[in-house]
Amino acid sequence: MAEKNKKTKQKKSKTASKPETPEHKIKIEKIRFVAGIAVMIIAVYLLFAFGSFLFNAEADQSKLQINWLKLVKDPSINVNNITGKTGAWLADVFINRWFGIASFLFIYLLITYGAKLLNRPIKALLSKTVKTLIIIIWLSVTFGFIFQHKYPELHLYPGGSYGYHISVWLNSLVGKIGTFFILLLILISYLIIRFDNFFLLFKKNKKEKQNPEGDYIGDTKNKKTTETAGFSLSEEAENFKHELSDDESGDIFINEEDGNNIDAPNNFQGTNEESNNNKQTERNASAENEKKSSTKTLANEDGDDDLELTVEIKEEQTGEIKNAPQEDYDPTLDLSHYKYPGLELLEDYSHLKLEVSDEELKENKNRIVETLKNFKIEILKIKATIGPTVTLYEIVPAQGIRISKIKNLEDDIALSLAALGIRIIAPIPGRGTIGIEVPNRNPQVVSMRSILASKKFQETTAELPIAMGRTISNETFVFDLTKMPHILVAGATGQGKSVGLNAIITSILYKKHPSQVKFVFVDPKKVELNLYSTIENHFLAKLPDSEEPIITDVEKVKATLNSVGIEMDNRYDLLKAAHARNLKEYNKKFIERKLNPEKGHRFLPYIVVVVDEFADLIMTAGKEIELPIARIAQLARAVGIHMIIATQRPSANIITGIIKANFPSRIAFKVASMVDSRTILDQPGANQLIGKGDMLFASGSDLVRLQCALVDTPEVENVCEHIAGQQAYPTAYLLPEYVGEDSDAPGAVDLNNRDEYFDDAARLVVLNQQGSTSMIQRKFSIGYNRAGRIMDQLEAAGIVGPSEGSKTRKVLLQDEYSLEQLLNTL
């Protein structure tokens, strides 16, 4: 007997050691492939059979009660099921006689097996099968329990025969209430075992109830959470991760039961002594401790083995552990629960949409052709592009026709069409045609809601995206404010200038977090931008001593603009120290924690300065307003400060050469004359617009005609109320303090709180018989603001006279003896 077994083993070993030939492998692969396709086809066949059975169960029920062999042999018996008698019979067996509607999950299993046979990467096949069968049984019993009282009158049994009989048995055993709780217990148990997040959710809620205040970690948040692969691991999961020793770190993987691993973004280090001892024992007992990588499973601290964290520790040949980089800084953590405004806050004007009729298009075309023929201008081709406000008619003139001849017929074409606002583009850049823009009889309303909901705005990658409206071809027009980088807006009163400003501001509010952008609002009219005062602590920036978030006083405007200039200089110092060329590079380095906050580095939000009624400021303060604006416009682009100034008076004495040179991007609404159009756009065209939001956008050599999106006052109020109702910063974003040489009256200075350099500065001024802020700043190596305060104190003490513009101040004391007597009396 022993010899026989020995021979059998030798025979088996010879057979096993025989290598498989390539032809044999190919044959096996072919069989697997054909079997996989067959299983897939069967799954699809059953899907149609089950689906058709749901609708034809009543009609086919009587025919399916007979013997299956008789049903198959008798050709006179027909069923309504689209898969024939075989499909109807299989559906009846699976659904009515077995597990009910849950039988559809058998199709899922067949598809999984077919994919496995087709060499698809399907992991944990046995685990998937067991889980699916558990779900099928639970659903069958649940549907049987729910529809139990209706079974006699049903033709399709939702829980199947098995589900019905098991639910009846459970009802007799523990009653309906007991059956309900048994089913609920099975469901909760399965979810806890199957899904880690479901279990962590319960643990997290329990932890919060025991300790509402929680432990705080990080720069600004008190919640101990780690974002992993799109979901959050609570403090309980943190405890699992921290079971690594102090000298170890590893990549964390969360093992799902289906075998899929989710990579966590960071490695973690822990200090749990018990875990360290256990792992040390495992290392000593393991024979694979010299491998480059190893895996461990960390059990739950509560003794529950359902949730497991598999830790892979990757080592180099030297045995050293690779430390993961520090987690990136998140500037939005201060307001991590901030919710962006929703589109439901804006009005939907789709019901007011009016289309251009074919009759109107034909009439305009015929009149254009007829007018040009009257002047002996032949047209080879004409094409119409319908926009929300105007329709563009593109014409191709015959050979030998001069473009200037057509361009001079602007008024004649307008007369023949009986329309205002005819604009001729000769030629259209890049097309080789001549364009004639004709206003529509019934212009459409372009809602801000439709613009913000557009795919172009939703998927934009711009730093500061602005959605202005729609072009002539009905395309959403979106641009990046950081590329402009400053915008000059002009238009006559009532033509849509304020609505355009609201569209710009609303676009940014819908796309950016309060930590990423701040606004400085200057509104001499006091009513246009006042709606945004409610979001002061979220999005606004102001001077430290300013009570109103919207600057309306001219003196405050001067101080604010100069303060923005100081902020710009401070930012350039930070960029210089960080070796960054622009704000985007600087913030990227700060987020990656390459800059030290202890050295003054901080996350820098974009600052957008919006100035309404620029003409009023120029008429009131002149150069004191124009110069800081020009300086900011010249230099501030790299440090993320951008300006938008608007005026209803685009004359040459308001929009000077300095302003035009530093504001290359212009928005022109309808203006009164061609001169105003040339002032703002350097070309005519704005005087031919039709108003009500019709505008021209010029950036460089590009000139685009748009219909500005409508943002009404109630819509702005809704957006601001939504933002204001959420958690905010303690104060608005504070700009640097600015103290001008003549900003305060001498009597307003408190001499009891003199600067420590006051006496030395007084002696310096009297000794040199001239006084200036720059001299004090230079001699004592102090900042400009401090030097300005010292000069104000010297003026209040009667040592120097008032400011005389660019001249040095007059010294009122002639010798040091008089100065010492004065100092003794103070």
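Calculation criteria
- Residues numbered from 1 in each chain as written.
- Predicted model: local features only at pLDDT ≥ 70, side-chain atom pairs only at ≥ 80, totals over all residues.
- Heavy atoms only, no water.
- Buried < 20%, exposed > 50% of the residue type's maximum accessible area, 1.4 Å probe, protein only.
- Helix = DSSP H or I, 4+ residues; strand = E, 2+ residues; numbered from the N terminus.
- Arc of directions from axis to C-beta.
- Salt bridge = Lys/Arg side-chain N within 4 Å of Asp/Glu carboxyl O.
- Core = buried A, V, L, I, M, F, W, Y, C linked by side-chain atoms within 4.5 Å.
- Contact = heavy atoms within 4.5 Å.
- Pairing = 2+ DSSP bridges.
- Phe/Tyr/Trp six-rings, centres within 6.5 Å; stacked < 30°, edge-to-face > 60°.
- Lys NZ or Arg CZ within 6 Å of the ring centre and 35° of its normal.
- Expected span 1.5 Å × (residues − 1).
- Bend = angle between axes of the 7 residues up to and from the residue.
- Axes fitted to C-alpha atoms, helices over the stretch in contact; angles between N-to-C directions.
- Parallel < 35°, antiparallel > 145°, perpendicular 65-115°, else oblique.
- Left-handed = near helix turned anticlockwise from the far one by under 90°.
- Polar contact = N/O pair within 3.5 Å; in protein donor to acceptor, adjacent residues only side chain to side chain.

(A) Geometry of helix H20 (residues 614-621). Turning to H20, its buried residues number three or more, namely Phe614, Ala615, Leu617, Ile618 and Ala621. Along the axis of H20, the buried positions cluster into a sector of 160°, meaning they face one direction only. Gly622, located one to two residues past H20, shows a positive phi value of around 60°.

(B) Spotlight on the pattern of salt bridges. On inspection of all chains with the given rule, the structure shows 24 salt bridges. Where Glu363 meets Arg441, a salt bridge forms, and the shortest distance between an N and an O atom there is 2.4 Å. Within this pair, whereas Glu363 is found in helix H11 (residues 358-374), its partner Arg441 is found in the loop between strand E10 (434-439) and helix H14 (448-452), the two being separated by 78 residues in sequence. Residue Glu363 is classed as partly exposed on the basis of its relative accessible area of 25%. With its nearest N and O atoms 2.9 Å apart, the salt bridge here joins Asp755 to Arg786. With Asp755 in the loop between strand E21 (733-734) and helix H25 (758-768) and Arg786 in helix H27 (residues 784-796), this pair connects stretches of sequence that are 31 residues apart.

(C) How the structure looks around the nonpolar core. Counting residues in each nonpolar core, the largest one holds 109 residues, and the members touching the most others are Met468 and Phe519. The biggest single contributor to this core is helix H18 (residues 554-578), with 9 residues. Filtering out sequence-adjacent residues up to four positions away, Met468 remains in contact with Phe477, Phe479, Gly500, Ile504, Ile667, Met695, Leu706, Gln707, Cys708 and Ala709. Core analysis: the next-biggest nonpolar cluster, separate from the first, contains 23 residues, Leu794, Ala797, Leu813 and Leu823 among them.

(D) Focus on the environment of Gly400. Summarising the element assignment, Gly400 is placed in the loop between strand E8 (390-397) and helix H12 (403-407). Residue Gly400 is classed as exposed on the basis of its relative accessible area of 73%. Taking the C-alpha atoms as reference points, Gly400 and Ile377, 23 residues apart in sequence, are found 9.6 Å from one another.

(E) Looking closely at the pairing of strand E20 (residues 702-708). When strand E11 (residues 465-471) meets E20, the two strands line up antiparallel, connected through 3 bridges. When the bridges of E20 are listed, Gly469 appears paired with Cys708. Looking at chain direction, strand E19 (residues 694-699) and E20 are connected through 6 bridges and run antiparallel. Looking across to E20, one finds that Asp694 is bridged to Gln707. In this antiparallel pair of consecutive strands, E19 and E20, the connection spans 2 residues, and Gly700 shows a positive phi of 70°.

(F) Quick look at the packing of aromatic side chains. Counting across every chain of the model gives 17 aromatic pairs. On the numbers, 5.3 Å between centres and 75° between planes, the contact of Tyr338 with Tyr340 is edge-to-face. Tyr338 gets classed as buried once you look at its relative accessible area, which sits at 8%. A residue is classified by how much of its surface remains accessible, and Tyr340, at 38% relative accessible area, is partly exposed. An aromatic cluster is defined as three or more aromatic residues linked by ring pairs; in this entry it consists of Phe50, Phe94, Trp98, Phe99, Phe104, Phe106 and Tyr162. Seen from the ring of Phe457, Lys511 lies directly overhead, with NZ or CZ sitting 5.0 Å from the centre.

(G) Inspection of helix H4 (residues 84-99) at higher detail. The end-to-end C-alpha distance of H4 is 21 Å, a good match for the 22 Å that 16 residues give at a rise of 1.5 Å each. Remark: the principal bend of H4, roughly 25°, maps to Asp92. A positive phi of about 75° marks Gly100, the residue just after H4.

(H) Here's a closer look at the packing of H25 against helix H26 (residues 773-780). Put simply, H25 and H26 touch, their axes get as near as 11 Å, and they point 120° apart. When the interaxial angle is binned, H25 and H26 end up oblique. Where H25 crosses over H26, the two elements pack in a sense that is right-handed. Contacts from Asp760, Ala761, Leu764 and Val765 of H25 reach H26 at Met775, Ile776, Lys779 and Phe780.

(I) Broad picture of the sheet that holds strand E18 (residues 665-669). Across the sheet, which stays open at both edges, the 9 strands sit in the order E12-E11-E20-E19-E18-E13-E17-E16-E14 with mixed pairing between neighbours. Of all strands in the sheet, those bounded by a partner on one side alone are strand E12 (476-480) and strand E14 (517-522). The sheet shows a mean angle of 25° between the axes of neighbouring strands, taken without regard to direction. Across 4 bridges, the pairing between strand E13 (residues 487-490) and E18 is parallel. Following the sheet pairing, Leu488 is matched in E18 by Arg666.

(J) Layout of the environment of Asn653. With respect to the element layout, Asn653 can be found in the loop between strand E17 (641-647) and helix H22 (657-662). By relative accessible area, Asn653 is classed as partly exposed at 47%. In sequence terms Asn653 and Thr679 are 26 residues apart; their C-alpha atoms lie 10.0 Å from each other. Within polar-contact distance, the side chain of Asn653 engages the side chain of Ser651 at 2.5 Å.

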